[in-house]
Amino acid sequence: MQLVETHRIFGGEQQILRHYSSVLDCEMTFAAFVPSKAQHTPCPVLYFLSGLTCTEQNFTTKAGFQRYAEEQGLIVIAPDTSPRGEQVPDAPEYDLGQGAGFYLNATQPNWNAHFKMYDYITEELPALVNQQFNTNGKQSICGHSMGGLGALVIALRNPETYASVSAFSPIVTPSQVGWGEKAFTAYLGADKAQWANYDPTALVLAGKRSPAPIFIDQGLADNFYPEQLKPEMFAQACEKMHQPTNIRYHEGYDHSYYFIATFIADHIRFHSAQLNAL
């Protein structure tokens, strides 16, 4: 584990770290905010998964979450969105390849050697985080757009591991929209039964649940809403399966980090309440 940079902020420490990932077979970078409380007390961890084209830097430098994470005593981990490097496959389009890992385990040739972000987020990265930082074994997950998709999928498939899940503008029906159809076909092939493993709406309808209400914020001025983002369909599935949700719609807000920065305090406090209730 290599410490690339560190900055004092709101009493805590914002770090950028690099390590070799055996799961992804490449060097990976992630951001870690460590609150001052972690100097003497084990703290819970919140993972934040970013969206298409992002790295670990977008959320770290634009969301303004550190003030609230320090206030709540949360370690916040923001990984990169995909494997990277000259040996890692890529595509010319922004929504496939490097920067577009979709937090799944690819099964198709050309992609399956490196694109195993699901295993990286759920297994390898938490093991490294728990080794590196003063954690207490409790964790939650949040994300934006493609990362909101990843957060929902990971939490629904692992309810015993994540105390809570929230998302900003998530892709909740990837099997039925362009972004998801393109990525799933490339990474998983044509078998749509495999797609369902990474589709939040399909998972809820299959009986997967989150132990806490699912918290989602969606801007109504988002240029990807409603074509790529269909929160109403997810809400209907949750209502049918009696999965509690809190889905908020916001007039005038778009898909950007201005939106995330506006409401990130609510998400940090939501997760802190769930983690501290355990």
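Look up: the structure comes first, before these words.
Residues numbered from 1 in each chain as written. Predicted model: local features only at pLDDT ≥ 70, side-chain atom pairs only at ≥ 80, totals over all residues. Heavy atoms only, no water.

**Thoughts on the sheet that holds strand E3 (residues 26-34)**
Consideration 1: Overall, mixed pairing links the nine strands, which are arranged E1-E2-E3-E5-E4-E6-E7-E8-E9 in an open sheet. The open sheet has two edge strands with one neighbour each: strand E1 (2-9) and strand E9 (245-250). For this sheet, the mean angle separating the axes of adjacent strands, direction not counted, is 20 degrees.
Consideration 2: By the bridge criterion, nine bridges tie strand E2 (residues 12-21) to E3 in an arrangement that is antiparallel. For Glu-13, the partnering residue across the bridge sits in E3 and is Val-34.
Consideration 3: Strand contacts of helix H8 (residues 231-240): strand E8 (214-219) and E9, with the helix running at about 160 degrees to E9, the strand carrying the most contacts. (Pairing = 2+ DSSP bridges. Helix = DSSP H or I, 4+ residues; strand = E, 2+ residues; numbered from the N terminus. Axes fitted to C-alpha atoms, helices over the stretch in contact; angles between N-to-C directions. Contact = heavy atoms within 4.5 Å.)

**Re the nonpolar core**
Consideration 1: One finds Ile-77, Phe-102, Ile-141 and Tyr-187 to be the most contacted residues of the largest nonpolar core, which totals 65 residues.
Consideration 2: By residue number, the principal contributor to this core is helix H4 (residues 146-157), which donates eight residues.
Consideration 3: If you look at the next biggest cluster of nonpolar residues, it comprises 23 residues, including Ile-16, Ala-63, Phe-65 and Ala-69. (Core = buried A, V, L, I, M, F, W, Y, C linked by side-chain atoms within 4.5 Å. Buried < 20%, exposed > 50% of the residue type's maximum accessible area, 1.4 Å probe, protein only.)

**Things to note about the pairing of strand E7 (residues 165-168)**
Within a regular beta strand, the side chains point alternately toward one face of the sheet and then the other, so they alternate between its two faces.
Consideration 1: Neither face of E7 is left uncovered, since the one carrying Val-165 and Ala-167 and the one carrying Ser-166 and Phe-168 both have all their residues buried.
Consideration 2: On the question of chirality, the crossover connecting strand E6 (residues 135-144) to the parallel E7 by way of H4 is right-handed. (Right-handed = clockwise from strand over helix to strand, strands pointing away.)

**Some thoughts on the side chain of Thr-122**
Consideration 1: Note on placement: Thr-122 falls in helix H3 (residues 117-132).
Consideration 2: Note on Thr-122: relative accessible area 17%, which makes it buried.
Consideration 3: Not counting residues within four places of it along the chain, the set of residues in contact with Thr-122 comprises Ile-154, Asn-158 and Tyr-162.

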